[in-house]
Amino acid sequence: MDNIVPLKIQIATILVSIGFLAYIGRLIVRGRLREEYAFIWVACTLVLLFFAFWRNGLNIVSSALGVFYPPSLVFMGAIFAILIYLLHLSVEVSRLRAINKNLAQKIALMEEHVGGDNKTGRQ
């Protein structure tokens, strides 16, 4: 009877992870999420699925890495993944800001060349 609760948690984790993978796939197909950004979500979900199927895996991995409390390894991994993802997003924002600035300058030059009014767009 004691093994029923962990089995229910394991089944729930597997179902939620598979549902999340399906949702990510749906977002990609509908064009709401680009593949390059979906990679981190798919990778994290696959790691969760891996440990959901391999019930003793977290204990084995944490003891191999010298981590005393296995759930702390999960939090450490999650924090590390979040930091990497935030760095990636910061690089993307910086790149898009530079592109946006360049486009704004080109539009201003084109409007000046045409002789249009920058505020109303009229000539």
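What counts, and where the lines are drawn
Residues numbered from 1 in each chain as written. Predicted model: local features only at pLDDT ≥ 70, side-chain atom pairs only at ≥ 80, totals over all residues. Heavy atoms only, no water. Helix = DSSP H or I, 4+ residues; strand = E, 2+ residues; numbered from the N terminus. Expected span 1.5 Å × (residues − 1). Buried < 20%, exposed > 50% of the residue type's maximum accessible area, 1.4 Å probe, protein only. Arc of directions from axis to C-beta. pLDDT = per-residue confidence, 0-100. Phe/Tyr/Trp six-rings, centres within 6.5 Å; stacked < 30°, edge-to-face > 60°. Axes fitted to C-alpha atoms, helices over the stretch in contact; angles between N-to-C directions. Parallel < 35°, antiparallel > 145°, perpendicular 65-115°, else oblique. Contact = heavy atoms within 4.5 Å. Nonpolar A, V, L, I, M, F, W, Y, C, P; charged D, E, K, R; others polar.

*Asks:* Quick one: what's the story with helix α2 (residues 35-53), residue by residue and with numbers?
*Replies:* The end-to-end C-alpha distance of α2, which contains 19 residues, comes to 26 Å, matching closely the 27 Å that a straight helix rising 1.5 Å per residue would cover. Those residues of α2 that fall on the buried side of the exposure criterion are Y37, A38, T45, L49 and A52. End-on, the buried residues of α2 take up no more than an arc of 100°, which puts them together on one face.

*Asks:* So what about the confidence of the model for the chain? Which residues, and what values?
*Replies:* When pLDDT is averaged across the chain, the result is 88; 89% of the residues are at 70 or more. Here α2 stands out as the least confident element of the chain, with mean pLDDT 89; helix α4 (residues 70-114) is the most confident, with 93.

*Asks:* Requested: an account of α4, with residues and values cited.
*Replies:* In a regular helix each residue adds 1.5 Å, so 45 residues correspond to 66 Å; α4 covers 66 Å between its end C-alpha atoms and thus fits that length. Buried within α4 are the following residues: P70, L73, A81, Y85 and E92. Just beyond α4, the residue with positive phi is G115, at close to 95°.

*Asks:* Could you give an account of the packing of aromatic side chains, with specific residues and numbers?
*Replies:* Under the defined criterion, the tally for this structure stands at five aromatic pairs. Ring geometry for F50 against F51: centres 5.3 Å apart, planes inclined by 70°, an arrangement best described as edge-to-face. Given the relative accessible area of 47%, F50 is considered partly exposed. The class of F51 is partly exposed, set by a relative accessible area of 26%. Within the aromatic cluster, the residues linked to one another by ring pairs are F20, W41 and Y85.

*Asks:* I'd like a description of the packing of α2 against α4, backed by residues and values.
*Replies:* The contact between α2 and α4 brings their axes to 11 Å, and the two run at 175°. Taken together, α2 and α4 sit at an angle that is classed as roughly antiparallel. Residues Y37, I40, W41 and C44 of α2 form the contact with α4, whose participating residues are A81, Y85, H88, L89 and E92. Residue classes in the contact of α2 with α4 are distributed as seven nonpolar, one polar and one charged.

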